[in-house]
Amino acid sequence: MSRIDLRKKIVELTLVKKQLTGVTARVGIVLDITGSMRNLYSSGVVQEVVERILAVASKFDDNGSLDVWVYDTEFSRLPAVTEKELGRYVFTHILNNSSIHKFGRNNEPPVMEDVIHKYTQEEKDSTPVFIIFINDGGVVRQTKKVIAEASVQPIFWQFVGIGDSDFEVLKQLDTMTGRLVDNANFIHLDRIEEVSDEELYDRLLNEFPQWLKTAKEKRII
């Protein structure tokens, strides 16, 4: 069995555990490409993360693809990942792509606004959206305002902190007020490459079921 097929099996088991079988969702990943992430790109850790998240998308999304953004001070919306070109995705579309601004400073709100625009304006429908947002620290405070304003949208933001930053802003997501629903969660995985697939999927999907329930009650989805 291929690595992606094995991971899809683990996702299937996680979906049963979380009572998410039969759920359809569009899945996207937002990748931090600030200067502090450089080694994680060159060492293949980011490529591995993309492969692991594609397994989630393949079980939620009808077309089995994973939408992708990268950002530092600027952002780029990239071609979706599919199993067909998975193995070289990060090298081909990110590292070897001269049009992408790389290894600058953090500025999350512009890329988040583009995510919102794609799913609520360009491709508007009632399907819930599950966004995995990979970051290694330094999130700007205005991010919280974007999250609060987006609570009326059919988008759940799963932030994943990697590395040893204090993640001050992201730790405040669960206690933020002024939202129609709690539309974001944060988990910290110091060395994501050492976390098993079973643990990764279990933690990634921990709060998504509750958001789905609440969002349906509030008629967001």
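The structure under discussion appears in the preceding block.
## Quick word on the overall build of the protein chain
A tally of regular secondary structure across the protein chain gives 8 helices and 6 strands. Along the protein chain, from the amino end to the carboxyl end, the secondary structure elements read α-β-α-α-β-β-α-α-β-α-β-β-α-α. A globule of 221 residues ought to have a C-alpha radius of gyration of about 17 Å, and the protein chain, at 16 Å, matches this closely. Projected onto its principal axes, the C-alpha coordinates of the protein chain cover approximately 45 × 45 × 35 Å. Long-range pairs, those at least 24 residues apart, make up 79% of the contacts in the protein chain with a sequence separation of at least 6. Accessible surface, the protein chain: about 10,100 Å² in total, of which carbon and sulfur atoms supply 46%. Measuring between centres, the 28 positive side-chain charges of the protein chain sit 3 Å from its 34 negative side-chain charges.

## Things to note about the packing of aromatic side chains
Across all of its chains, the model carries 12 aromatic pairs by this definition. Judged by centre distance (5.8 Å) and plane angle (15°), the ring pair of phenylalanine 208 and tryptophan 211 falls under stacked. With phenylalanine 208 and tryptophan 211 both in helix H8 (residues 208-217) and 3 residues apart, this pair spans about one turn of that helix. Ring pairing ties together the aromatic residues Phe60, Phe130, Phe156, Phe208 and Trp211, which thus form one cluster. Over the ring of phenylalanine 103 we find arginine 38; its NZ or CZ atom is 4.2 Å from the centre of that ring.

## Regarding the side chain of aspartate 32
Take aspartate 32: it is sitting in strand E1 (residues 26-32). Despite its burial, aspartate 32 pairs with no opposite charge, the nearest such side chain being arginine 38 at 11 Å. Within polar-contact distance, the side chain of aspartate 32 engages the side chain of threonine 34 at 2.6 Å. At 3.2 Å, the side chain of aspartate 32 forms a polar contact with the side chain of asparagine 135. The residues contacting aspartate 32, other than those within four sequence positions of it, are Met37, Tyr41, Tyr71, Asn106, Ile134, Asn135, Asp136 and Gly137.

## Quick look at the packing of helix H5 (residues 108-122) against helix H6 (residues 142-149)
At a minimum axis separation of 9 Å, H5 and H6 run at an interaxial angle of 15°. Relative to H6, the element H5 is oriented roughly parallel. For H5 against H6, the interelement crossing comes out right-handed. The residues of H6 that touch H5, namely those facing Glu108, Pro109, Met112, Glu113 and Ile116, are Gln142, Thr143, Val146 and Ile147. Looking at the contact of H5 with H6, its residues break down into 5 nonpolar, 2 polar and 2 charged.

## Overview of the nonpolar core
Residues Leu31, Phe60, Ile94 and Phe208 are the most contacted members of the largest nonpolar core, which totals 53 residues. Among the elements that make up this core, the one with the highest residue count is helix H3 (residues 45-60) (10 residues). With near-sequence residues (within four places) excluded, phenylalanine 60 lies in contact with Leu15, Leu20, Val23, Thr24, Ala25, Val27, Phe130, Leu205 and Phe208. Met112, Phe133, Ala150 and Ala184 belong to the second-largest nonpolar core, a separate cluster that totals 26 residues.

## A word on the side chain of arginine 179
By the secondary structure assignment, arginine 179 is in the loop between strand E5 (155-162) and strand E6 (184-189). Residue arginine 179 is classed as buried on the basis of its relative accessible area, which comes to 16%. Here the side chain of arginine 179 touches methionine 176 through a polar contact of 3.4 Å, landing on its backbone oxygen. Here the side chain of arginine 179 touches asparagine 183 through a polar contact of 3.0 Å, side chain to side chain. Apart from residues no more than four positions distant in its own chain, arginine 179 is found in contact with Ile147, Ala148, Ser151, Leu173, Asp174 and Ala184.

Analysis parameters
- Residues numbered from 1 in each chain as written.
- Predicted model: local features only at pLDDT ≥ 70, side-chain atom pairs only at ≥ 80, totals over all residues.
- Heavy atoms only, no water.
- Helix = DSSP H or I, 4+ residues; strand = E, 2+ residues; numbered from the N terminus.
- Rg over C-alpha atoms; globule rule 2.2 N^0.38 Å.
- Contact = heavy atoms within 4.5 Å.
- Areas by Shrake-Rupley, 256 points an atom, 1.4 Å probe, with all protein chains shown as cover.
- Lys, Arg positive; Asp, Glu negative; His and termini not counted.
- Charge placed at Lys NZ, Arg CZ, Asp CG, Glu CD.
- Phe/Tyr/Trp six-rings, centres within 6.5 Å; stacked < 30°, edge-to-face > 60°.
- Lys NZ or Arg CZ within 6 Å of the ring centre and 35° of its normal.
- Buried < 20%, exposed > 50% of the residue type's maximum accessible area, 1.4 Å probe, protein only.
- Salt bridge = Lys/Arg side-chain N within 4 Å of Asp/Glu carboxyl O.
- Polar contact = N/O pair within 3.5 Å; in protein donor to acceptor, adjacent residues only side chain to side chain.
- Axes fitted to C-alpha atoms, helices over the stretch in contact; angles between N-to-C directions.
- Parallel < 35°, antiparallel > 145°, perpendicular 65-115°, else oblique.
- Left-handed = near helix turned anticlockwise from the far one by under 90°.
- Nonpolar A, V, L, I, M, F, W, Y, C, P; charged D, E, K, R; others polar.
- Core = buried A, V, L, I, M, F, W, Y, C linked by side-chain atoms within 4.5 Å.

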